[in-house]
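Coordinates in review
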2 protein chains.
Amino acid sequence: MENPVLDCLLNHRSIRRFTADPIDRETLGVITHAGTRAATAGNLQGYSLVVVDDQKTLEDWLPLKAAAAVIALVDTYRMKRWFELCDAPFHFDKPSSFLISFWDAIIALHNTVIAAESIGLGAVYIGGVISEDMGETIGAPEYTFPAGLVLLGHPDQNPPLRPRLPDEAVVHYDRYHVPTDDEVRAWYADIDRTFDEKSDEKRAALRAKGIHNRAQQITLGRYNEAIHSEMSTGIVDNLRKAGFTGFSG
Amino acid sequence: MENPVLDCLLNHRSIRRFTADPIDRETLGVITHAGTRAATAGNLQGYSLVVVDDQKTLEDWLPLKAAAAVIALVDTYRMKRWFELCDAPFHFDKPSSFLISFWDAIIALHNTVIAAESIGLGAVYIGGVISEDMGETIGAPEYTFPAGLVLLGHPDQNPPLRPRLPDEAVVHYDRYHVPTDDEVRAWYADIDRTFDEKSDEKRAALRAKGIHNRAQQITLGRYNEAIHSEMSTGIVDNLRKAGFTGFSG
């Protein structure tokens, strides 16, 4: 089975190095319009896409150079404004609206990414945005929450496809398959090997920090508990500031 | 600007009526494989896709007939199993892991949908799954959460494109544009009109229930506060049962 859409999806690579070339506003309009054509719950479009292409702004708050950033916001503020004009009650501040709108925001952003890739642009998702305060940076009002961020630009690298777990680890049929330990070991064998293939020097440096395998490198290193806790505090702050409530049961 | 990928994205329609034809497992494998090629935070694939194509199971819990359902789960259980085998601490139970994995799950599911549409299948997202108990239905273990559900099948309808808000309402440049009341009225004018265009009989019936416009039809009808509250209770229950904590600050 083969077609240009499948080709595009199967060949996704995150691009983290871009040329200095800009993306013109017409092109940004085309790809974000593709975003707005994604499915949306109740046809309510509980999201916004904020495009930032001003280089000074981008340099101030981005970890890498890109031609543009697209921030997908959970956004029930716009519908609140509409409801107010129509004397209709607003209760889109609960976990249901938050998660459904998060979903809407992410598929609109993902459509934007796929559209960008289809015309030869490169993209990388930056997950950390969900714990950042976007109120100042882009003037996002109450009942908005930064669901996702994508950087876009003209690719200045051509990385290989990243490995993934075998499909049988991720795709289940009929019911969730709870794996045996041997299955888990087999699924993660290639990832485990990336640790053993490091240079003796690198491994010695990691061992000195108490890190003896790839899994520990993840949970004690880049994704350690302190980082998770700090990010979670940012998320909870963002929910509170936005006015989304009810997650505590 | 035109290409087959943009065509596919711009022509998305939710399909809610399917023929009785099945989707073979090879095809289900191709489209879910496209799902696994979506970007994923830290290359950790914090999600699972559960494909259900058994007609008896589907009839028992679905609101409409479809050839198959794909459930996207937030899933940090699989990595927990790997971490345990490697004596690595597990702390992927916090809002950071939950939301990042929710994002991962949704873009994997969205890739699956786009792949399905590219080969002529139809799809519809069912948002309500996030508040349902999937433990029994598909045997989903701890640290999993139903992020999304899609029904797939061969289309037995050809609906027109649904209207959307004008792009200027949804896509912002540089900063979030807080609209004036007149802008809000203009953006929602087409939607407001759908109420006025109902038959006199239908409008009279709605008015008898205190519903005088389209916005009230949404917030007092299908998306009323009781429905939001019930769904939110299901979400909070699902988070608690799965072991995801920390949203309460």
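Read on for a plain summary of the structure. (Residues numbered from 1 in each chain as written. Chains lettered and ligands numbered in written order. Predicted model: local features only at pLDDT ≥ 70, side-chain atom pairs only at ≥ 80, totals over all residues. Heavy atoms only, no water.)

To continue, consider the pairing of strand β2 (residues 68-75) of chain B. Residue and element names in this part refer to chain B. Most of β2 is tucked away: eight of the eight residues are buried. Residues Ala68, Val70, Ala72 and Val74 point to one face of β2 and Ala69, Ile71, Leu73 and Asp75 to the other, with burial holding for every one of them. Sheet topology places strand β1 (residues 47-52) next to β2; six bridges connect them, and they run antiparallel. In the sheet register, leucine 49 faces β2, and the bridge partner there is alanine 72. Bridge analysis of β2 against strand β4 (residues 144-153) gives eight bridges, and the strand direction is antiparallel. Directly across from isoleucine 71, in β4, lies its bridge partner leucine 149. (Buried < 20%, exposed > 50% of the residue type's maximum accessible area, 1.4 Å probe, protein only. Helix = DSSP H or I, 4+ residues; strand = E, 2+ residues; numbered from the N terminus. Pairing = 2+ DSSP bridges.)

In screw terms, the move from chain B to chain A is a rotation of 180 degrees and a rise of 0.0 Å along the axis, fitting with an RMSD of 0.0 Å. The superposition of one copy onto the other is thereby described by a two-fold rotation axis. Taking C-alpha positions as reference, the residue of chain B nearest the rotation axis is serine 248 of chain B, located at 2.2 Å. Comparing interface residues between copies, 100% of those in chain B also sit at the interface in chain A, which points to an isologous, same-surface contact. (Least-squares fit on C-alpha atoms with pLDDT ≥ 70 in both. Contact = heavy atoms within 4.5 Å.)

What follows covers helix α5 (residues 95-118) of chain A. All names here are of chain A. Counted at 1.5 Å a residue, the expected span for α5 with its 24 residues is 34 Å, and the 34 Å between its end C-alpha atoms agrees. The element α5 is largely enclosed, with a buried count of 24 among its 24 residues. Residue glycine 120 follows α5 closely and has a positive phi angle near 90 degrees. (Expected span 1.5 Å × (residues − 1).)

Under the definition given, this model contains 31 salt bridges over all chains. The salt bridge partner of aspartate 174 of chain B is arginine 25 of chain A, with a shortest N-O separation of 3.5 Å. With aspartate 174 of chain B in the loop between β5 (171-173) and α8 (181-187) and arginine 25 of chain A in helix α2 (residues 25-36), the pair connects residues from two separate chains. A relative accessible area of 35% places aspartate 174 of chain B in the partly exposed class. Here arginine 25 of chain A falls in the partly exposed class, since its relative accessible area comes to 42%. Several salt bridges share partner residues, and in doing so they unite Arg25 and Asp53 of chain A together with Asp174 of chain B into one network. (Salt bridge = Lys/Arg side-chain N within 4 Å of Asp/Glu carboxyl O.)

To continue, consider the sheet that holds strand β4 (residues 144-153) of chain A. Reading across from one edge, β3(A)-β4(A)-β2(A)-β1(A)-β5(B) is the order of the five strands in this open sheet, with mixed pairing throughout. Among the strands making up the open sheet, the edge pair consists of β3 (122-125) of chain A together with β5 of chain B. Across the sheet, the mean angle from the axis of one strand to that of its neighbour is 25 degrees, orientation sign disregarded. Packing against the sheet, helix α4 (residues 77-85) of chain A makes contact with β1 (47-52), β2 (68-75) and β4 of chain A, and its axis sits at approximately 45 degrees to β2 of chain A. (Axes fitted to C-alpha atoms, helices over the stretch in contact; angles between N-to-C directions.)

Contacts between chain B and chain A engage 128 residues on the former and 128 residues on the latter. In this assembly, chain B packs against chain A so that about 11,300 Å² is buried in total across both faces, 65% of it on carbon and sulfur atoms. Contact with chain A buries area across many residues of chain B, yet Arg37, Trp103 and Tyr176 of chain B alone supply 8% of it, more than any other trio. Across the chain B-chain A interface, the total number found is six salt bridges. Where chain B meets chain A, there are 70 residue pairs in polar contact (both at pLDDT 80 or more). In terms of residues, the side of chain B that touches chain A owes the most to one element, helix α5 (residues 95-118) of chain B, which gives 15 residues. Considered class by class, the residues forming the side of chain B that touches chain A number 72 nonpolar, 36 polar and 20 charged. Sheet topology note: the strand β5 (residues 171-173) of chain A/β1 of chain B ladder contains three bridges and is parallel. Residue histidine 172 of chain A lies in a different strand from β1 of chain B, and its bridge partner there is valine 50 of chain B. (Buried area = accessible area lost by both parts, 1.4 Å probe. Polar contact = N/O pair within 3.5 Å; in protein donor to acceptor, adjacent residues only side chain to side chain. Nonpolar A, V, L, I, M, F, W, Y, C, P; charged D, E, K, R; others polar.)

Strand order in this open sheet of five strands is β5(A)-β1(B)-β2(B)-β4(B)-β3(B), and the pairing throughout is mixed. The open sheet has two free edges, formed respectively by β5 of chain A together with β3 (122-125) of chain B, since each of these has just one partner strand. When the angles between neighbouring strand axes are averaged without regard to direction, this sheet yields 25 degrees. Both β3 of chain B and β4 of chain B contribute to a ladder of four bridges, which runs antiparallel. Bridge pairing in β4 of chain B links glycine 122 of chain B to glycine 153 of chain B. Against the sheet, α5 of chain A touches β3 and β4 of chain B, its axis set at about 60 degrees to β4 of chain B. This element, α5 of chain B, spans β1, β2, β3 and β4 of chain B of the sheet and lies at about 10 degrees to β4 of chain B.

Honestly, that's just the spatial picture; any functional story needs more than this.
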